[in-house]
Amino acid sequence: MAHQRLGCLARPDEAHVLSNACLIAGAVIAVTVLFPFSPTAPRRLGAELVVVAFALGLALRWAAPRLRSVHLHAVLGLSTALIALCVASSTTPSGTLITSVSFLWVATFSAVFHRRRVLLRHLGLIGIGLGVGLLLAGAPSVPQTWFFLMATFSSVTVILNGKIRDLRAEATTDPLTGVLTRRAFRAVAELEMARAARTKQPLTLVLLDLDDFKLVNDERGHDAGDAVLVSLTAAWREGLRAEDALGRFGGDEFLLVLPGADEAQARDLLPRLRDDSICSWSAGLATWRGESFDDWFRAADQELYAVKST
């Protein structure tokens, strides 16, 4: 099903969180410039980083709807490099150690928003930056310090990443059928709407409603009804493309979003889905024309009502 790649649009909430992190980091650095750890602290570098942090934060907030995932990864990479520069520029052992803790910001952000393998890549960059920074700063016991800090960063963020992944799966996946929940589907659909607005590619929404499903529950029991839903959604998923998204709207109603498909192409898909169906169903379609998600859904619902009324 639909998933995020580097070239895809980033989620606006992810950009907003990173924007807030940059603004907070800028405020923290400003405090250290005003009240340095030591008389020899590199206050000029700190002042320059305050400007960079605030500029990044404001730019991310302004451009959030248009940013791609690669842009956010670039900001994280830049942040890692700048923290390494700060570590290398530290003038006291305590300053070196305290500044090194800043890498946890990058690692924690990645743990919250990224898949495990992406988190591990950012941890790898952090490991390189930390090692170079400690060496250039002339820190004592570099191998032991590096190992302790990286073990701490890695263990905390990998555990956090796993827990968030489990919670996200519970929140976004329908427990019975394994398809997207209503809320998660809407988030995916709105992301596809933003992509369609940018690329001018067609985008079609399909509302699926099972015919006489209530009779299955009444005559054969709810376990039989659940089995029908599980088998039916599994069959549908086999017939869909990787970029298509399937969600459960509620009860026996489901939604499909088909990126790159106009109404004619979407109608060509429906017979293929019916070939694998173990239960009859009706469908209403609507091609996105720039309206809100609610209006788009309403158009598909109106066609579904017309189909079921005939």
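Refer to the preceding data block for the structure.
For the structure given in this document, a descriptive report is provided here. This one's a predicted model, so the numbers in the text were calculated from it and none came from an experiment.

Another point: the overall build of the protein. Along the protein, the regular secondary structure elements total twelve helices and four strands. In terms of overall dimensions, the protein is more spread out than a globule: its C-alpha atoms have a radius of gyration of 25 Å, far above the 19 Å expected for 310 residues. Based on the C-alpha atoms only, the size of the protein along its principal axes is roughly 80 × 40 × 25 Å. With 310 residues in all, the protein has 43% of them scored as buried. Long-range contacts, defined as pairs at least 24 residues apart, comprise 71% of the intrachain contacts of the protein with a sequence gap of at least 6. For the protein, the accessible area works out to roughly 16,100 Å², and carbon and sulfur atoms hold 63% of it. Positive and negative charge centroids in the protein, built from 31 and 30 side chains respectively, lie 12 Å apart.

As a further point, take the packing of aromatic side chains. Counting across every chain of the model gives five aromatic pairs. When the ring of Phe109 is compared with that of Phe113, the centres are 4.8 Å apart and the planes differ by 40°; the resulting orientation is tilted. In this pair, Phe109 and Phe113 both sit in helix α5 (residues 103-113), four residues apart, roughly one turn of the helix. Of the residues examined, Phe109 reaches a relative accessible area of 7% and is grouped as buried. By relative accessible area, Phe113 is classed as buried at 11%. Here the aromatic rings of Trp236 and Phe254 are separated by 5.4 Å at their centres, their planes lie at 75°, and the arrangement is edge-to-face.

Now for the packing of helix α1 (residues 12-34) against helix α2 (residues 43-63). Where α1 contacts α2, the two axes come as close as 8 Å, and the packing angle between them is 160°. As judged from the angle between their axes, α1 and α2 are roughly antiparallel. Of the two possible hands of crossing, α1 and α2 adopt the one that is left-handed.

Along the chain, Asp244 falls in the loop between α10 (222-239) and β2 (245-250). Looking at Asp244, its side chain comes within polar contact range of the side chain of Arg241, at 2.6 Å.

What follows covers the packing of α5 against helix α7 (residues 142-172). The geometry of α5 relative to α7 is characterised by a closest axis approach of 7 Å and an angle of 25° between their N-to-C directions. Regarding the angle of α5 to α7, the classification is roughly parallel. Relative to α7, the crossing made by α5 is right-handed. Mapping the contact onto sequence places Phe103, Leu104, Ala107, Thr108, Ser110, Ala111, Val112 and Phe113 in α5 and Phe153, Thr157, Leu160, Asn161, Ile164 and Arg168 in α7.

Tallied over the entire structure, the rule returns zero disulfides. With no disulfide of its own, Cys22 lies 13 Å from the sulfur of Cys86, the closest cysteine sulfur. According to the relative accessible area criterion, Cys22 is buried, its value standing at 8%.

Here we take up the pairing of strand β1 (residues 203-210). Of all eight residues in β1, eight are buried, a share of seventy percent or more. Side-chain alternation along β1 places Leu203, Leu205, Leu207 and Asp209 on one buried face and Thr204, Val206, Leu208 and Leu210 on a second face that is also buried. Looking at chain direction, β1 and strand β3 (residues 253-259) are connected through seven bridges and run antiparallel. Within β3, the position partnered with Thr204 by the bridge is Leu258. Sheet topology places β1 next to strand β4 (residues 281-287); seven bridges connect them, and they run antiparallel.

What follows deals with α7. Helix length check: α7, at 31 residues, gives a terminal C-alpha distance of 43 Å against a target of 45 Å (1.5 Å per residue), a fit within 8%. Three or more residues of α7 are buried, namely Val142, Thr145, Leu149, Met150, Phe153, Thr157, Asn161, Gly162 and Ile164. Where α7 is buried, its residues meet α4 (93-100), α5 and α6 (116-137).

Let's shift gears to the sheet that holds β3. The strands that make up a sheet pair up through hydrogen bonds in the backbone, lying either parallel or antiparallel. Spatially, four strands are ordered β2-β3-β1-β4 in an open sheet, and the strand pairing comes out antiparallel. The sheet is open, and its two edges are formed by β2 and β4, each paired on a single side. Across the sheet, the mean angle from the axis of one strand to that of its neighbour is 20°, orientation sign disregarded. On top of the sheet, α10 reaches β1, β2, β3 and β4; it is set at about 155° to β1, its chief contact.

About the cut-offs
Residues numbered from 1 in each chain as written. Predicted model: local features only at pLDDT ≥ 70, side-chain atom pairs only at ≥ 80, totals over all residues. Heavy atoms only, no water. Helix = DSSP H or I, 4+ residues; strand = E, 2+ residues; numbered from the N terminus. Rg over C-alpha atoms; globule rule 2.2 N^0.38 Å. Buried < 20%, exposed > 50% of the residue type's maximum accessible area, 1.4 Å probe, protein only. Contact = heavy atoms within 4.5 Å. Areas by Shrake-Rupley, 256 points an atom, 1.4 Å probe, with all protein chains shown as cover. Lys, Arg positive; Asp, Glu negative; His and termini not counted. Charge placed at Lys NZ, Arg CZ, Asp CG, Glu CD. Phe/Tyr/Trp six-rings, centres within 6.5 Å; stacked < 30°, edge-to-face > 60°. Axes fitted to C-alpha atoms, helices over the stretch in contact; angles between N-to-C directions. Parallel < 35°, antiparallel > 145°, perpendicular 65-115°, else oblique. Left-handed = near helix turned anticlockwise from the far one by under 90°. Polar contact = N/O pair within 3.5 Å; in protein donor to acceptor, adjacent residues only side chain to side chain. Disulfide = S-S within 2.5 Å. Pairing = 2+ DSSP bridges. Expected span 1.5 Å × (residues − 1).

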